[in-house]
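Given next are the chains, with one letter for each unit.
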Amino acid sequence: MNVLNDSLRRMRPLVCVAFFAVAGCASHPGPIVDTKGVDMAVYKQDLQECELYASEVSVTEGTARGAVVGAAVGGLLGAITGDAAQGAGYGGVSGGARSGLDNKREQERVVKKCMRGRGYKVLN
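Residues numbered from 1 in each chain as written. Predicted model: local features only at pLDDT ≥ 70, side-chain atom pairs only at ≥ 80, totals over all residues. Heavy atoms only, no water.

Student: Can you break down the state of the cysteines residue by residue, with the values?
Tutor: The full count for this structure, using the stated rule, is one disulfide. There is a disulfide in this structure between cysteine 50 and cysteine 114, and the S-S distance comes to 2.1 Å. On the sign convention where negative means left-handed, the S-S torsion of about -70° between cysteine 50 and cysteine 114 marks this disulfide as left-handed. Here cysteine 114 lies in helix α4 (residues 84–117) and cysteine 50 lies in helix α2 (residues 40–54), a separation of 64 residues in the sequence. For the pair formed by cysteine 50 and cysteine 114, the shared burial category is buried. (Disulfide = S-S within 2.5 Å. Helix = DSSP H or I, 4+ residues; strand = E, 2+ residues; numbered from the N terminus. Buried < 20%, exposed > 50% of the residue type's maximum accessible area, 1.4 Å probe, protein only.)

Student: Any details on the nonpolar core? Residues and values, ideally.
Tutor: If you look at the biggest cluster of nonpolar residues, it comprises 10 residues: Val33, Tyr43, Leu47, Cys50, Ala54, Val111, Cys114, Met115, Tyr120 and Val122. Broken down by element, the residue count for this core peaks at four residues, all from α2. Apart from the residues within four sequence positions on either side, tyrosine 120 is in contact with Val33, Val38, Val42, Tyr43, Asp46 and Met115. (Core = buried A, V, L, I, M, F, W, Y, C linked by side-chain atoms within 4.5 Å. Contact = heavy atoms within 4.5 Å.)

Student: Could you give an account of the side chain of glutamine 107, with specific residues and numbers?
Tutor: When you line up the elements, glutamine 107 lands in helix α4. Overall, glutamine 107 belongs to the buried group, its relative accessible area being 14%. Looking at glutamine 107, its side chain comes within polar contact range of the main-chain oxygen of valine 57, at 2.8 Å. (Polar contact = N/O pair within 3.5 Å; in protein donor to acceptor, adjacent residues only side chain to side chain.)

Student: Before we move on, could you go through the environment of alanine 84 and cite the residues and values that matter?
Tutor: Secondary-structure assignment places alanine 84 in helix α4. Judged by its relative accessible area of 34%, alanine 84 is partly exposed. With residues up to four places along the chain from it excluded, the contact list for alanine 84 reads Gly74, Gly75, Gly78 and Ala79.

Student: Provide a residue-level description of the packing of aromatic side chains, including the pertinent values.
Tutor: Taken as a whole and assessed by the stated rule, the structure comprises one aromatic pair. Ring centres 5.5 Å apart and planes at 75° place the aromatic pair tyrosine 43 and tyrosine 120 in the edge-to-face group. You can see tyrosine 43 sitting in helix α2 and its partner tyrosine 120 sitting in the loop between α4 and β2 (121–122), a full 77 residues away along the chain. Take tyrosine 43: its relative accessible area is 10%, and that puts it in the buried class. (Phe/Tyr/Trp six-rings, centres within 6.5 Å; stacked < 30°, edge-to-face > 60°.)

Student: Describe the environment of alanine 54, with residues and values.
Tutor: Structurally, the position occupied by alanine 54 is in helix α2. Take alanine 54: its relative accessible area is 3%, and that puts it in the buried class. Distance in space between the C-alpha atoms of alanine 54 and arginine 109 is 8.3 Å, their sequence separation being 55 residues. Here alanine 54 is in contact with Gln107, Val110 and Val111, once residues within four sequence places are set aside.

Student: Explain the pattern of salt bridges to me, using residue names and the numbers behind them.
Tutor: Opposite charge on two side chains lets them pair, provided their charged atoms get close. Evaluated as defined, the whole model comprises four salt bridges. Here aspartate 46 and arginine 118 are joined by a salt bridge, their closest N and O atoms 2.9 Å apart. Of this pair, aspartate 46 sits in helix α2 while arginine 118 sits in the loop between α4 and β2, and the two are 72 residues apart along the sequence. Arginine 118 gets classed as partly exposed once you look at its relative accessible area, which sits at 30%. The salt bridge partner of aspartate 102 is arginine 105, with a shortest N-O separation of 3.3 Å. Of this pair, aspartate 102 and arginine 105 both sit in helix α4, separated by three residues, roughly a single helical turn. (Salt bridge = Lys/Arg side-chain N within 4 Å of Asp/Glu carboxyl O.)

This is the structure we're talking about:
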């Protein structure tokens, strides 16, 4: 139990970095659209519909899957180097953070592609 507590204590900085990386990505403002000549009521409706499509990309499920895979790979590497628990912890945190970021980016791509498909000039 003491070994696990020591591993968790050493992982705390990595967990904080991963948390802030995912939180920072979640605060992205979305697509930047040239709204010159655009009916803003229609734009808002289109954006809501595109965001609804993007919500089908599950950030939570992807993060969980990434954490599981990362923990497994990290545990194997940790077993080779002598500390499977620490390796699994680092792998789980980094795998989950990476998958969460990837899925969040995919949501952003879906919104931008949807808006372009509806005729908007997406600038980013």
